[in-house]
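Per-entry structural report
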Amino acid sequence: MRDFRKLDIWKNGIEVVKQVYSLSEKLPSEEKFGLKSQINRAAVSIPSNIAEGCSRNSEIEFKRYLEIAMGSLFEVQTQLILTQELGFIDSNELEITFDLLEKEAKMLNSLIRKIKNS
């Protein structure tokens, strides 16, 4: 069993969550149970799936949870694009979050490939 708290990929995922929560506070109150809730849940799912994957006994299962985390990351990206397209959040405010998400995606891809090739 891996200690997920020591993984840079998990730590970066936590930073993504904090950044998304900060951004989602800027959404209108009528989005509280819509886009705001959805984007926060998807963001939380990224490090949560990494952590859950660490509890698995096989590399195949761990890889599967990393793939689920990647899916959640793509959800967050899509939802952030929607916030921009709907005029809720300015593209300049999203830049830091998109950079964190890109870093996380690269880390996930790298680890998934490493497990796949071993």
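What counts, and where the lines are drawn
- Residues numbered from 1 in each chain as written.
- Predicted model: local features only at pLDDT ≥ 70, side-chain atom pairs only at ≥ 80, totals over all residues.
- Heavy atoms only, no water.
- Helix = DSSP H or I, 4+ residues; strand = E, 2+ residues; numbered from the N terminus.
- Buried < 20%, exposed > 50% of the residue type's maximum accessible area, 1.4 Å probe, protein only.
- Contact = heavy atoms within 4.5 Å.
- Salt bridge = Lys/Arg side-chain N within 4 Å of Asp/Glu carboxyl O.
- Phe/Tyr/Trp six-rings, centres within 6.5 Å; stacked < 30°, edge-to-face > 60°.
- Lys NZ or Arg CZ within 6 Å of the ring centre and 35° of its normal.

Let's shift gears to the environment of methionine 1. Mapped onto the fold, methionine 1 is located in the segment before α1 (8-24). Here methionine 1 falls in the exposed class, since its relative accessible area comes to 86%. Each C-alpha atom, one on methionine 1 and one on arginine 56, is 6.8 Å from the other, the two residues being 55 residues apart in sequence. Discounting residues that sit within four places of it in the chain, methionine 1 has contacts with Cys54 and Ser55.

Quick look at the pattern of salt bridges now. Evaluation of the coordinates by the stated rule reveals 9 salt bridges. Note that arginine 5 is salt-bridged to aspartate 3, the shortest N-O span being 3.2 Å. For arginine 5, a relative accessible area of 51% corresponds to the exposed category. Linking glutamate 15 and lysine 18 is a salt bridge whose minimum nitrogen-to-oxygen distance equals 3.0 Å. You can see glutamate 15 and its partner lysine 18 sitting in helix α1, 3 residues apart, about one turn around the helix. Taking the relative accessible area as the measure of exposure, glutamate 15 reaches 35% and is therefore partly exposed.

Turning to the packing of aromatic side chains, a few remarks are in order. Applying the stated criterion across every chain yields a total of 1 aromatic pair. Relative to tryptophan 10, the ring of phenylalanine 4 has its centre 5.1 Å away and its plane inclined at 70°; by these criteria the two rings are edge-to-face. Phenylalanine 4 sits in the partly exposed class, given a relative accessible area of 26%. The ring of phenylalanine 62 has arginine 2 sitting right over it, with the charged end atom 3.9 Å from the ring centre. Above the face of the phenylalanine 4 ring, arginine 5 is positioned so that its terminal group lies 5.6 Å from the ring centre.

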